[in-house]
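A look at the structure
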Amino acid sequence: MNILEIKDLTKAFGGVVAVSDLNLSIREGIIFGVVGPNGAGKTTLINVITGVEKITKGSIFFKGSDIGKLPTFKRSLEGITRTFQIPQCFTGLTVFENILIPLLLRLPKQEAQLEAARIAERMFLKDDLNKQAQMLSVGRLKLLELAKAYATSPRLLLVDEPMGGVSLDMMDSLINLIKSLRDEGITILLVEHVMKVVVALADELVVLNFGKQIALGAPQEVMKRKEVIEAYLGDEYA
Amino acid sequence: MQNRSVKPIVILFVCLVVLSFMPFIIDPGSYKYLYNIFFIVNVTVLLATSWNILGGFAGQISFGHAGFVGIGAYTVALLHYHLQWSPWLALPLAGVVTLLAAVIIGSIAFKLRGPYFALSTLALAEVTKLIAEGWRSFTQGTQGVVVSPGPLLSIPSGGALYFVVSLWLAGFGILCALLIKLSKTSYFFLAVGENEDAALSLGINSKKYKLIALYISSFLAGITGGVLSVHTGFIDPSSGFDMVHTVEPIFLTMVGGIGTVLGPVIGTVLLVPVGEVFRSHFPTAHLLLYGIVLVVFARFIPKGIMGLFRKKKI
Amino acid sequence: MITSIIINGILIGLIYALLAIGLTVIFGVMRIINMFHGEAVMLGMYAAFVLFDKFGISPYISVFLTAPIFFVLGSIIYKFLIDPIPAREREITSLIITLGISFIFATSAMYIWSADYRTVTLPFSQDVMVFIKTRIGYPALISSCMSAVMIVGFYLFMSKTYMGRAIRATELDKDTASVMGVNVKWISIATFGIGVVLAAMAGGILSPIFYIYPFVGSNFVIKAFTIVVLGGMGSVTGALVGGIILGVAEALASTFLEYSMKDIMAFILFLGILLFKPSGILGGRTRL
Ligand SMILES: Nc1ncnc2c1ncn2[C@@H]1O[C@H](COP(=O)(O)OP(=O)(O)O)[C@@H](O)[C@H]1O
Ligand SMILES: [Mg+2]
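What comes next is a walk through the structure. (Residues numbered from 1 in each chain as written. Chains lettered and ligands numbered in written order. Predicted model: local features only at pLDDT ≥ 70, side-chain atom pairs only at ≥ 80, totals over all residues. Heavy atoms only, no water.)

Helix and strand counts for chain A come out as nine helices and 10 strands. Scaling as 2.2 N^0.38, a compact globule of 238 residues should have a C-alpha radius of gyration of about 18 Å, and chain A matches this with 17 Å. On the principal axes, the C-alpha backbone points of chain A span a range of 50 × 40 × 35 Å. When the 238 residues of chain A are sorted by exposure, 53% land in the buried category. (Helix = DSSP H or I, 4+ residues; strand = E, 2+ residues; numbered from the N terminus. Rg over C-alpha atoms; globule rule 2.2 N^0.38 Å. Buried < 20%, exposed > 50% of the residue type's maximum accessible area, 1.4 Å probe, protein only.)

Another aspect to go through is the packing of helix α15 (residues 285-300) of chain B against helix α4 (residues 87-113) of chain C. Two measures define how a pair of helices packs: the angle their axes make with one another and the distance between the axes. It is the contact of α15 of chain B with α4 of chain C, at a shortest axis distance of 8 Å, that shows an interaxial angle of 155°. Judged by the inter-axis angle, α15 of chain B sits roughly antiparallel to α4 of chain C. Along this stretch, α15 of chain B crosses α4 of chain C, giving a crossing that reads as left-handed. Within the contact between the two elements, α15 of chain B uses Ala285, Leu287, Leu288, Gly291, Ile292, Leu294, Val295, Ala298 and Arg299 of chain B and α4 of chain C uses Thr93, Ile96, Ile97, Leu99, Gly100, Ile101, Phe103, Ile104, Thr107, Ser108 and Tyr111 of chain C. The residue makeup of the contact of α15 of chain B with α4 of chain C, split by class, is 14 nonpolar, five polar and one charged. (Axes fitted to C-alpha atoms, helices over the stretch in contact; angles between N-to-C directions. Parallel < 35°, antiparallel > 145°, perpendicular 65-115°, else oblique. Left-handed = near helix turned anticlockwise from the far one by under 90°. Contact = heavy atoms within 4.5 Å. Nonpolar A, V, L, I, M, F, W, Y, C, P; charged D, E, K, R; others polar.)

Moving on, we get to the interface of chain B and chain A. Contact residues are listed per partner, giving 19 residues for chain B and 26 residues for chain A. Taken together, the two surfaces of chain B and chain A that pack against each other cover about 2,000 Å², and 69% of this comes from carbon and sulfur. Area buried by chain B at its contact with chain A is led by Lys184, Tyr187 and Leu202 of chain B, which between them contribute 33% of it. Along the contact surface separating chain B from chain A lie 10 residue pairs in polar contact (both at pLDDT 80 or more). Those elements that place two or more of their residues in the side of chain B that touches chain A are α9 (185-194) and α10 (196-201) of chain B. (Buried area = accessible area lost by both parts, 1.4 Å probe. Polar contact = N/O pair within 3.5 Å; in protein donor to acceptor, adjacent residues only side chain to side chain.)

Contacts between the two partners involve 39 residues from chain B, matched on the other side by 36 residues from chain C. For the pair chain B and chain C, the summed buried area comes to about 3,500 Å², and 82% of that belongs to carbon and sulfur atoms. Seen at the junction of chain B and chain C, the total is zero salt bridges. Contributions of two or more residues to the side of chain B that touches chain C are made by α5 (87-109), α6 (116-134), α13 (244-256) and α15 of chain B. Element by element, the count of residues in the side of chain B that touches chain C is highest for α6 of chain B, at 11 residues. Tallied by class, residues from the side of chain B that touches chain C come to 28 nonpolar, six polar and five charged. (Salt bridge = Lys/Arg side-chain N within 4 Å of Asp/Glu carboxyl O.)

This next bit is on the site of ligand 1. Residues and elements named next belong to chain A. Around ligand 1, a shell composed of Phe13, Val16, Ala18, Asn38, Gly39, Ala40, Gly41, Lys42, Thr43, Thr44 and Glu53 is seen. Between ligand 1 and the protein, one listed contact pairs an oxygen atom with a backbone N or O atom of Gly41 at 3.0 Å. Between ligand 1 and Thr44 there is a distance of 2.5 Å, counted from an oxygen atom to a side-chain nitrogen or oxygen. With the chains in place, 62% of the 560 Å² that ligand 1 exposes on its own is no longer accessible. For the shell around ligand 1, the elements supplying multiple residues, two or more each, are β2 (16-27) and α1 (42-50). With three residues, α1 is the largest single contributor of residues to the shell around ligand 1. When its residues are assigned to classes, the shell around ligand 1 shows four nonpolar, five polar and two charged. (Near = heavy atom within 4 Å. Areas by Shrake-Rupley, 256 points an atom, 1.4 Å probe, with all protein chains shown as cover.)

Let us now look at the pattern of salt bridges. Summed over all chains, the structure comprises 14 salt bridges over all chains. A salt bridge links Glu115 of chain A to Arg118 of chain A; its shortest N-O distance comes to 2.9 Å. Taken together, the residues Glu115 of chain A and Arg118 of chain A, both in helix α4 (residues 109-122) and three residues apart, mark about one turn of the helix. Of the charged contacts, one joins Lys185 of chain C and Asp83 of chain C as a salt bridge, the two residues approaching to 3.0 Å between their closest N and O atoms. Taken together, the residues span a long stretch of sequence, with Lys185 of chain C in helix α8 (residues 184-206) and Asp83 of chain C in the loop between α3 (59-82) and α4 at a distance of 102 residues. On the basis of relative accessibility, which here comes to 38%, the residue Lys185 of chain C falls in the partly exposed class.

All names here are of chain A. Donor atoms from the polypeptide that coordinate the magnesium ion (ligand 2) comprise Thr43 (OG1) and Gln85 (OE1), at 2.0 to 2.2 Å from the metal. Taken together, the residues span a long stretch of sequence, with Thr43 in helix α1 and Gln85 in the loop between β6 (80-82) and α3 (95-104) at a distance of 42 residues. The partly exposed category is assigned to Gln85, whose relative accessible area is 31%. (Donors = N, O, S within 2.8 Å, 3.2 Å for Na, K, Ca; no water.)

What follows deals with the sheet that holds strand β4 (residues 57-62) of chain A. All names here are of chain A. On the basis of which strands lie adjacent, the open sheet formed by four strands has the order β2-β1-β4-β5 and antiparallel pairing. At either margin of the open sheet sits one strand with a lone partner, and together these are β2 and β5 (65-66). Note: β4 against β5, two bridges, orientation antiparallel. Its bridge partner lying in β5, Phe61 is registered against Asp66. Against the sheet, α1 touches β1 (2-13), β2 and β4, its axis set at about 115° to β1. (Pairing = 2+ DSSP bridges.)

Another aspect to go through is helix α5 (residues 138-150) of chain A. Across its 13 residues, α5 of chain A extends 18 Å between first and last C-alpha, which sits within 8% of the 18 Å expected from 1.5 Å per residue. Extensive coverage of α5 of chain A is indicated by the burial of 11 of its 13 residues. Among all positions in α5 of chain A, only Gly139, Leu141, Lys142, Leu143, Leu144, Glu145, Leu146, Ala147, Lys148, Ala149 and Tyr150 of chain A are buried. Looking at the buried residues of α5 of chain A, the elements they touch are β6, α3, α4, β7 (156-160) and α6 (168-183) of chain A together with α10 of chain B. (Expected span 1.5 Å × (residues − 1).)

On to the side chain of Thr191 of chain C. Residues and elements named next belong to chain C. Examined against the element boundaries, Thr191 turns out to sit in helix α8. We classify Thr191 as buried; its relative accessible area is 0%. From its side chain, Thr191 meets the backbone oxygen of Ile187 in a polar contact 2.6 Å long. Once residues within four sequence positions are removed from consideration, Thr191 is found in contact with Val25, Ile26, Val29, Met30 and Ile167.

Okay, here's the thing in structure tokens:
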């Protein structure tokens, strides 16, 4: 069963084609990796799937129905939620309130409060519960991004570079966390720069370059292909 | 849980009842000036609370409250002038008509994000003022409209009536703010004001919450205008659409504490009496004072007086 | 007849454009709406009035003499009142702070110069020339031409000088600009100063053809906002086009509709453009 189907998807900003004639089918319950050099169109793909950006051409089906015209908030209510590459938190509110807000939309107040505390614990944020979000380090903000998104009970979770700014010892916990989300039944589209992470996590992998798909398949196998190595070596200074 | 949300409402109610007995203790007949100030304080609490619900709770800065006040004031005045409605009966309609104007401006301004809302409300205030000036056959233009009090208002101590009515209207405004603050909605307001992209991505219909805040705010501001025009007994474009109705609620809310229920109340109760005395000695100097205090608070004490209290508690 | 209305509309439109450029540049670089823009225009008018009244200096010259003062004023306000605000609060707080400043300026002007209407009456104030059957007052003509020259000058400044290029780089992308060695903080401060100077110069140039009074700024600020929204926020060419559209629309409205409709045109255009083409008539794609 495919949870998400992307057909002939193109997104252009004036002359810049950020996503070009992309076709993807994402099976339910897997971690689907998206990699590619900077500017390949990964974030734009997430923006288009969540409705932050309008589709230029093509269509997107979620659980069989066309969602291409739904506003962002409705897609989230349907079960598609994303995290942002640059964390977008409610910086003036506490970590607890940040997690509480999406829960309040879906649960009675008391249940929401219990659930928020539970999620915070699971996402390694227990000690920061009453801190203002603007006091958090970049790594912690990434965790909060994930916690907020998880609090919407998504069926499809789009994660944009969750490892950026995360310390090395935290990275392994985060890898396990994302795996456990998948084992819960959440389908995850994972955009990530750090190769080690993608190879460790993804069940299937697509490589983008200049908005085009250049490879698709099992991670170990895809990473060996010549065109993928070239695309990366051209950009791999990091 | 239940208890916690009922308590502030009970306190508000008790305060209103107790204050309602004021005219029995201080005679309105012999303290006309004092009761005039009381009235202005009450009405200003209502207006500042209205601004705060939109600007403080939902983070949508309105530069158009003068427009809302003017529309409310003219609704009462024109219903009285053309159809001989009692000003008191027209009062709820002042809120409704203002809300209708807000529906129009909201549907245009909230299509976009960023500073467009503030600019659109400013445009609304200016356009309604120009209409009031220009449409002479309907509004009598700059000549203004007289709102003569009906028989109901000829009660000997009218001061007491105005005091009690304005007191309960202010109470109504505070109640609205309180009910929002105690509900889930306040969190969605906060989320939208803090970061609209994040709110949308989490499933919050940001436009809906911005509109709710705008509608409540405009309704309350329209009522403020209505009651002001009854009290003054006269309305013209420059008094009804006075920029002060835009700046004063911002100023008082910033000083008291933006985004809190009590902030606008504290700001108003502390500063309006001072402003009134100041105004009678140095006309328009209070505007200079407003400007300076507004800049100082926004820059150095952005959380206002309420913010100072909060810190000490923690 | 219609040509003469349009010619007059274009002439006033050029002045309006100059009026709006300071606002649009500040918005483009810092994403800040400067609410005291109108009061900067007002101060520019009074500065021209005082220098003319006391020393007989023509406003067309005095605007250059007072420019450095306004530059310093704008820079100081930005440096000390706006720049220190944390980025996430800047949009809202800067609106409120600049609103407060507009009140301080307007009320101070009231104290210094009283509420009286002032005028700058030049020796040729009553003279008129005729051009394609159009009667054009000399002061209006000179003010328009000077606005046009200043707009072109500003355009060249933005496209040819290092400072102008640095401002545009900052406008496009702060991070990249700062990597390229642009001192973004100082550029922001200078840009705010320049925005205020442009407003004040527009005021000075307007002084021979408009009444001067303390609250005159609010008349101009809505016009300036309309032009900025019409032309697309942040665009100088857009401001020029927007200014001319507004000028012509007002001229047509005051001739064919009731005279009082003239002032409403700005709002109708403002709300109309928000409704139908919020990115501005040029589509928001033009820089400069
Ligand atoms: N809002 C936008 N306007 C114009 N161009 C954009 C916009 N968003 C992204 N782009 C362009 O689209 C391309 C893909 O960007 P992005 O999706 O952010 O890449 P990635 O996330 O893979 O690094 C880049 O060339 C970028 O400059
Ligand atoms: Mg990206």
